[in-house]
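A closer look at the structure
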2 protein chains.
Amino acid sequence: MKDLVKLEKKIKIKFNGLDLLQQALVHRSYLNEHPEFKSDHNERLEFLGDAVLELVVTEYLYEKFPQEPEGKLTNLRASLVNAHHLAQKAKELKLNNYLYLSKGEAKESSNTKARENILANTFEALIGAIYLDSGYKIVKKFIERNLTKDLAKILTQGLYLDAKSKFQEIAQEKYALTPHYKVLSEVGPDHAKIFKVGVYIGPEFIASDQGLSKQEAQVNAAKSALKKKGWQ
Amino acid sequence: MKDLVKLEKKIKIKFNGLDLLQQALVHRSYLNEHPEFKSDHNERLEFLGDAVLELVVTEYLYEKFPQEPEGKLTNLRASLVNAHHLAQKAKELKLNNYLYLSKGEAKESSNTKARENILANTFEALIGAIYLDSGYKIVKKFIERNLTKDLAKILTQGLYLDAKSKFQEIAQEKYALTPHYKVLSEVGPDHAKIFKVGVYIGPEFIASDQGLSKQEAQVNAAKSALKKKGWQ
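Everything numeric here is computed off the predicted structure, so don't read it as measured data.

What about unusual backbone geometry?
Residues and elements named next belong to chain B.
- Unlike most non-glycine residues, Lys 94 shows phi in positive territory, near 60 degrees.
- Relative to the elements of secondary structure, Lys 94 occurs in the loop between α6 (83–92) and α7 (103–109).
- In the Ramachandran plot, Ala 176 falls in the positive-phi region, its phi being about 55 degrees despite a non-glycine side chain.
- On the secondary structure map, Ala 176 appears in the loop between α11 (163–175) and β1 (180–187).

Description of the packing of aromatic side chains
All names here are of chain A.
- Per the stated rule, a full pass over the model turns up 16 aromatic pairs over all chains.
- Both rings, one in Phe 37 and one in Tyr 100, keep their centres 5.3 Å apart while their planes meet at 45 degrees; by these two values the pair is tilted. Here the residue Phe 37 occupies a position in the loop between α3 (28–33) and α4 (43–64), and Tyr 100 occupies one in the loop between α6 (83–92) and α7 (103–109), the gap between them amounting to 63 residues.
- Owing to a relative accessible area of 4%, Tyr 100 belongs among the buried residues under this scheme.
- A connected cluster of aromatic rings, assembled from ring pairs, spans Tyr 30, Phe 37 and Tyr 100.
- Its guanidinium or amino end placed over the ring of Tyr 100, Lys 2 lies 5.0 Å from that ring's centre, counting from NZ or CZ.
- For the cation-ring pair, Lys 164 lies above Tyr 181, with the distance from its terminal atom to the ring centre recorded as 5.1 Å.

As for the environment of Asn 42 of chain A
Residues and elements named next belong to chain A.
- Tracing the chain through its elements places Asn 42 in the loop between α3 and α4.
- Taking the C-alpha atoms as reference, Asn 42 lies 18 Å from Lys 91; in sequence the two are 49 residues apart.
- Those residues in contact with Asn 42, other than ones at most four positions away along the chain, are Gln 23, Ala 24, Leu 25, Val 26, Thr 122 and Ala 125.

Observations concerning the sheet that holds strand β1 (residues 180–187) of chain A
Residues and elements named next belong to chain A.
- Reading across from one edge, β1-β2-β3 is the order of the three strands in this open sheet, with antiparallel pairing throughout. The open sheet has two edge strands, β1 and β3 (204–211), and neither has a second partner. When strand polarity is set aside, the average angle formed by the axes of neighbouring strands in this sheet is 25 degrees.
- Against the sheet, helix α11 (residues 163–175) engages β1, β2 (194–201) and β3, with an angle of about 20 degrees to β2.
- In the packing of helix α12 (residues 214–229) onto the sheet, contacts are made with β1, β2 and β3, and the angle to β3 comes to roughly 130 degrees.

Let's talk about the packing of α11 of chain A against α12 of chain A
Residues and elements named next belong to chain A.
- Contact pair α11 / α12: the axes reach a minimum separation of 8 Å and the direction vectors enclose 50 degrees. The orientation of α11 relative to α12 falls into the category oblique. In terms of crossing hand, the pair formed by α11 and α12 is left-handed. On the side of α11, the interface is formed by Ala 163, Lys 164, Lys 166, Phe 167, Ile 170 and Tyr 175, while α12 contributes Gln 215, Gln 218, Val 219, Ala 222, Lys 223, Ala 225, Leu 226 and Lys 229.
- In terms of residue class, the contact of α11 with α12 is built from eight nonpolar, two polar and four charged.

About the cut-offs
Residues numbered from 1 in each chain as written. Chains lettered and ligands numbered in written order. Predicted model: local features only at pLDDT ≥ 70, side-chain atom pairs only at ≥ 80, totals over all residues. Heavy atoms only, no water. Helix = DSSP H or I, 4+ residues; strand = E, 2+ residues; numbered from the N terminus. Phe/Tyr/Trp six-rings, centres within 6.5 Å; stacked < 30°, edge-to-face > 60°. Buried < 20%, exposed > 50% of the residue type's maximum accessible area, 1.4 Å probe, protein only. Lys NZ or Arg CZ within 6 Å of the ring centre and 35° of its normal. Contact = heavy atoms within 4.5 Å. Pairing = 2+ DSSP bridges. Axes fitted to C-alpha atoms, helices over the stretch in contact; angles between N-to-C directions. Parallel < 35°, antiparallel > 145°, perpendicular 65-115°, else oblique. Left-handed = near helix turned anticlockwise from the far one by under 90°. Nonpolar A, V, L, I, M, F, W, Y, C, P; charged D, E, K, R; others polar.

This is the structure:
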């Protein structure tokens, strides 16, 4: 058994029962290797924790920014709860040392995008476990201590706006219209397609650009559009 | 002023202040027409209510189905909180009669998809307003009274399963085999391809259909297969 009491100290939460805390740390792969293990994996806790996290952050932003429109709050929320940011928080709490992973998964996923996803999911599962064990108020404090404290930095650095969001925010302000994207062409074989996407405000074509996926092409088109409009 | 006291009776919630209830009913279009109107529109309340709804439904499903995997809970949740279902609930509560809409919007959107979205958003805004006014316990009861009560019907009728999942579930039950899909043809230029996909149980061809992407073609093929087998 991992030293869960040490982890409790690190996260500054005292659990009524350590079973829930343990379950939050169990990746599905571990159970394949240890079918006799007494705990379930953490996916159901992640399902719950994701919704708890969403409400806590939503409520926090709703109260903190009484004048901001919903679109901006949505962007700010995304900047806080995206997988990359959650994985970072999980690393700060050293959750890496407490994961129950199969040997294969531990080896393969070390320091990769896959590990980042596992850590982000574990962070959400931990939130689910704290919520079940100690209730909304305690988990809210945990989230504020570990996550929403980053908001000042995110705001100062404008990290909350990717090109698409930024273009949308300004377009809504100036035109009261939400930009939309259209795939103009797909070229190349299935495994190496290049997408060309155009971005429009209402019927007006603004710019186009390409990428290796539709999403990438949209982001690039938004960047071109920001440049073209001089909205940078 | 609309008869909000009548609405309170209909939704069985007594507000401490009717301002919040009123705000939940104000569509953005109304303020363009009445810039002097004292209330803000409902989009921030919708932002909040959406997250409240998500947690209430998530927690409900988590507790009600202790054995189900996260994937099934996610499908069930989607069947409860999708815009179509929320709009239906809004209609049952006669929210249509209480909306603050611009004349243009009221005329144009009557009985369309756009109106359905407005109603679904208003239902979420109402949830946000109840949460702010009366707290989590009361809004939870409201949601259970109006929304999660439909779960039994959704489960019986398999409404929570998209066509592919439904076909897979029944095929596994009857044949102990998982259906698989094959692209039969791709026709047309790169930017406007039409895919034709066949669905099979073991070696047995069941049905085929087409779509503008492989995924769409698979879903259509599953629908055709459900029809052909009489599994609807």
